[in-house]
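# Coordinates in review
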Amino acid sequence: MCLSIPSKVVEVRKDNTAVVDTMGVRRVVSLDLMQEPVKENDWVLIHVGFAIQKLDEEEALKSLELFEEILSMEDSYENY
């Protein structure tokens, strides 16, 4: 099973990388696997350091809500 995380593009760089914001954490990812252009404020799915697909904002935010829910459940289990 693969896990990819929705991230917002903050900056597109000339070396075909982008700075993305993933749940408040910024990092650089490769755009080499993208088949369509990516620009600032686009939402993309990130998997092992590569942007792999664009998402619309509504879909990205719904996915992030689910991630937050899963993380909060994990915290509950740690205290169990």
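Residues numbered from 1 in each chain as written. Predicted model: local features only at pLDDT ≥ 70, side-chain atom pairs only at ≥ 80, totals over all residues. Heavy atoms only, no water.

### Re the overall build of the protein
- For the protein, the helix and strand inventory stands at one helix and five strands.
- Secondary structure elements in the protein, listed N-terminal to C-terminal, are β-β-β-β-β-α.
- Considered along the principal axes of its C-alpha atoms, the protein spans approximately 50 × 25 × 20 Å.
- For the protein, the share of sequence-separated contacts (at least 6 apart) that also reach a separation of at least 24 residues comes to 38%.
- Working note: accessible area of the protein is about 5,900 Å², and carbon and sulfur atoms make up 52% of it.
- Side chains of the protein carry 8 positive and 17 negative charges; the gap between the two charge centres is 9 Å. (Helix = DSSP H or I, 4+ residues; strand = E, 2+ residues; numbered from the N terminus. Contact = heavy atoms within 4.5 Å. Areas by Shrake-Rupley, 256 points an atom, 1.4 Å probe, with all protein chains shown as cover. Lys, Arg positive; Asp, Glu negative; His and termini not counted. Charge placed at Lys NZ, Arg CZ, Asp CG, Glu CD.)

### Topic: the environment of Ser-30
- Within the secondary structure, Ser-30 is located in strand S3 (residues 25-30).
- Residue class for Ser-30 comes out buried when judged on its relative accessible area of 12%.
- Between the C-alpha atom of Ser-30 and that of Phe-50, which follows or precedes it by 20 residues, the distance is 4.8 Å.
- Sequence-distant contacts of Ser-30, defined by excluding residues within four places in its chain, comprise Asn-16, Thr-17, Gly-49, Phe-50 and Ala-51. (Buried < 20%, exposed > 50% of the residue type's maximum accessible area, 1.4 Å probe, protein only.)

### Some points on the pattern of salt bridges
- If you walk through the whole model with that rule in mind, you get six salt bridges.
- The shortest N-O distance in the salt bridge between Arg-26 and Asp-21 comes to 3.9 Å.
- In this structure Asp-21 comes out as partly exposed when scored by relative accessible area, which is 23%.
- Taking the shortest distance from any N to any O, the salt bridge between Lys-39 and Asp-42 comes out at 3.2 Å.
- A relative accessible area of 52% places Lys-39 in the exposed class.
- Taking relative accessible area as the criterion, Asp-42 reaches 9% and is therefore assigned buried.
- One network of salt bridges, in which partners are shared, links Glu-36, Lys-39, Asp-42 and Lys-54. (Salt bridge = Lys/Arg side-chain N within 4 Å of Asp/Glu carboxyl O.)

These figures capture arrangement, not role.
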